[in-house]
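Overview (structure and organization)
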Amino acid sequence: PIPRYGPGEAELVVVNENSPLPDTSNNPRSARLVAAENAVLEHGGACLRLAGLYTMERGAHNFWLTSGKDVSGREDGIINLLHYDDAAGAALAAVVAGPTVVSGNVFLISDGNPLSRRQICESTLKSKQYRGMTMPRFVGSNDEPIGKVYDGSASNKA
């Protein structure tokens, strides 16, 4: 099957700006995002598809480590990340590049270092801020999608 941008696949796949979008008929959240992208592109705008945003205090890692709840999803499930500062930098770069470069285009923005849920937690637990916290329990099964890797190389060139 062709790798789709959207929910992950059973096997690890690589997606880019040109990957087909997911079927939105059963996913209202995806349907809203796709509709918003289409509206922006139809009016000559550009879309930045941002990976999972985080800071030290905000993001999935913080929820997983502070909520006391089990983590749904596979511990080896892949997450693409992007720091808030880098997201702002990407938006600024799009403005500076100008409409002749960005209009009508989609850009896939991530830090280029996808990590598993477990790796994200292991890295976070090394921080003083999370000292004394323990690794959460991951309750996903190997029957669930493992995720996808973002290939934003075309966006990086623009």
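Each remark here, short or long, concerns the structure printed above.
Right, let's walk through the structure included here. (Residues numbered from 1 in each chain as written. Predicted model: local features only at pLDDT ≥ 70, side-chain atom pairs only at ≥ 80, totals over all residues. Heavy atoms only, no water.)

1. Comments concerning helix α1 (residues 28–42)
- The terminal C-alpha atoms of α1, which comprises 15 residues, lie 21 Å apart, in line with the 21 Å expected from a rise of 1.5 Å per residue.
- Buried residues of α1: S30, V34 and E37, and no others. Down the axis of α1, the smallest arc covering the buried residues is 60°, so these residues share one side. Opposite its buried face, α1 presents the exposed residues P28, R29, R32 and E42, each directed more than 90 degrees away.
- Buried-residue contacts for α1 involve β2 (47–50) and β6 (106–109).
- N-capping of α1 is provided by N27, with a side-chain oxygen placed 3.2 Å from the backbone N of R29.
- Phi turns positive, to about 80°, at G44, one or two residues after α1. (Helix = DSSP H or I, 4+ residues; strand = E, 2+ residues; numbered from the N terminus. Expected span 1.5 Å × (residues − 1). Buried < 20%, exposed > 50% of the residue type's maximum accessible area, 1.4 Å probe, protein only. Arc of directions from axis to C-beta. Contact = heavy atoms within 4.5 Å. Polar contact = N/O pair within 3.5 Å; in protein donor to acceptor, adjacent residues only side chain to side chain.)

2. Some words on the nonpolar core
- Counting residues in hydrophobic clusters, the biggest one holds 12 residues: V13, V15, A51, L82, A87, A90, A94, V102, F107, L108, I109 and Y150.
- Counting only elements with at least two residues in this core, the list comes to β1 (13–15), α3 (84–97) and β6.
- Not counting residues up to four positions away in its chain, the partners in contact with L82 are L50, A51, G52, L53, Y54, A87, I109, S110 and D111.
- Counting residues in hydrophobic clusters, the runner-up holds 8 residues, among them W64, L81, C121 and F138. (Core = buried A, V, L, I, M, F, W, Y, C linked by side-chain atoms within 4.5 Å.)

3. As for the pattern of salt bridges
- Following the criterion strictly, the structure yields 5 salt bridges and no others.
- Between R49 and E37 there is a salt bridge, with the nearest N and O atoms lying 2.7 Å from each other. Taken as a pair, R49 in strand β2 and E37 in helix α1 lie far apart in primary sequence, 12 residues in all.
- The shortest N-O distance in the salt bridge between R74 and D76 comes to 2.8 Å.
- Overlapping salt bridges bring together E75, R118 and E122 as one network. (Salt bridge = Lys/Arg side-chain N within 4 Å of Asp/Glu carboxyl O.)

4. As for the side chain of H61
- With respect to the secondary-structure elements, H61 resides in helix α2 (residues 60–66).
- According to the relative accessible area criterion, H61 is buried, its value standing at 6%.
- Ignoring anything within four residues of it in the chain, the contact list for H61 reads Y54, T55, M56, I120, T124 and Y130.

These figures capture arrangement, not role.
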